[in-house]
Amino acid sequence: MLEDKSDKQRFLDILINRGVTLRCSKCKSEEFTLLDDYIIEEVWPMDHPLEYAETSTQKVLIPSVVIMCNNCGHMDHHAVGILEKWTKMPQDE
């Protein structure tokens, strides 16, 4: 969970500093909410039969922060790992 407003603001600042426009890609609204909780994405190899998902160890879990449009509900996911990496990298010129 994003513990407080400073955690949320930190992620928003990272996105803005990297050139992400905080505008919905579907309806173009600029009203959005950064969700309070992380979403965990499960990523599977393309050749993996999903019927064996319960017993497989091949999946990769990717924690994401989610920006949700207040107008249409579209959600954009941003991988936490790369956001954290960006805090340690100089911004591209």
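**Describing a nonpolar patch on the surface**
Part 1 of the argument: Side chains of Tyr-38, Ile-40 and Leu-61 sit close together on the surface and give an oily, nonpolar patch of about 280 Å² of accessible area.
Part 2 of the argument: Taking relative accessible area as the criterion, Tyr-38 reaches 33% and is therefore assigned partly exposed.

**Brief notes about the nonpolar core**
Part 1 of the argument: Membership of the largest hydrophobic core is limited to nine residues, which are Phe-11, Leu-12, Ile-14, Leu-15, Leu-34, Val-65, Ile-67, Val-80 and Leu-83.
Part 2 of the argument: Secondary-structure elements contributing two or more residues to this core are helix 1 (5-17), strand 3 (60-69) and helix 2 (80-86).
Part 3 of the argument: Top contributing element to this core by residue count: helix 1, with four residues.
Part 4 of the argument: Ignoring sequence-local partners within four residues, the contact set of Val-80 consists of Phe-11, Tyr-38, Pro-63, Ser-64 and Val-65.

**Some details on the pairing of strand 4 (residues 75-79)**
Part 1 of the argument: Both strand 3 and strand 4 contribute to a ladder of five bridges, which runs antiparallel. Counted as the bridge partner of Val-66 is His-77 from strand 4.
Part 2 of the argument: Taking the residues between adjacent antiparallel strands as the criterion, strand 3 and strand 4 are bridged by five residues, where Gly-73 takes a positive phi near 85°.

**Points about the environment of Asp-37**
Part 1 of the argument: Of note, Asp-37 is situated in the loop between strand 1 (32-34) and strand 2 (39-43).
Part 2 of the argument: In this structure Asp-37 comes out as partly exposed when scored by relative accessible area, which is 43%.

**Digging into the environment of Val-43**
Part 1 of the argument: Residue placement: Val-43 occurs in strand 2.
Part 2 of the argument: With a relative accessible area of 37%, Val-43 lands in the partly exposed category.
Part 3 of the argument: Setting aside its immediate chain neighbours within four residues, Val-43 contacts Gln-58, Lys-59, Val-60 and Ile-62.

**A look at helix 1**
Part 1 of the argument: Its 13 residues place the ends of helix 1 18 Å apart at the C-alpha level, agreeing with the 18 Å of an ideal helix rising 1.5 Å per residue.
Part 2 of the argument: Those residues of helix 1 not exposed but buried are Lys-8, Phe-11, Leu-12, Ile-14 and Leu-15. Summarising the axial view, the buried residues of helix 1 lie within an arc of 155°, below the 170-degree limit, and thus occupy one face.
Part 3 of the argument: Looking at the residues trailing helix 1, positive phi occurs at Gly-19, about 90°.

**Things to note about the confidence of the model for the protein chain**
Part 1 of the argument: The share of residues in the protein chain with pLDDT of 70 or more is 75%, and the mean pLDDT across the chain is 82.
Part 2 of the argument: Model confidence for the protein chain, summarised as mean pLDDT per element, is weakest for helix 2 at 79 and strongest for strand 4 at 94.

**What to know about the packing of aromatic side chains**
Part 1 of the argument: Scanning the entire structure with this criterion turns up one aromatic pair.
Part 2 of the argument: Here the aromatic rings of Phe-11 and Tyr-38 are separated by 6.5 Å at their centres, their planes lie at 90°, and the arrangement is edge-to-face. One end of the pair, Phe-11, is in helix 1; the other, Tyr-38, is in the loop between strand 1 and strand 2, with 27 residues separating them in the sequence.
Part 3 of the argument: Phe-11 gets classed as buried once you look at its relative accessible area, which sits at 1%.

Here is what the cut-offs are and how they apply
- Residues numbered from 1 in each chain as written.
- Predicted model: local features only at pLDDT ≥ 70, side-chain atom pairs only at ≥ 80, totals over all residues.
- Heavy atoms only, no water.
- Patch = residues over 30% accessible without salt bridge, like charges linked within 9 Å, V, L, I, M, F, W, Y side chains within 5 Å.
- Areas by Shrake-Rupley, 256 points an atom, 1.4 Å probe, with all protein chains shown as cover.
- Salt bridge = Lys/Arg side-chain N within 4 Å of Asp/Glu carboxyl O.
- Buried < 20%, exposed > 50% of the residue type's maximum accessible area, 1.4 Å probe, protein only.
- Core = buried A, V, L, I, M, F, W, Y, C linked by side-chain atoms within 4.5 Å.
- Helix = DSSP H or I, 4+ residues; strand = E, 2+ residues; numbered from the N terminus.
- Contact = heavy atoms within 4.5 Å.
- Pairing = 2+ DSSP bridges.
- Expected span 1.5 Å × (residues − 1).
- Arc of directions from axis to C-beta.
- pLDDT = per-residue confidence, 0-100.
- Phe/Tyr/Trp six-rings, centres within 6.5 Å; stacked < 30°, edge-to-face > 60°.

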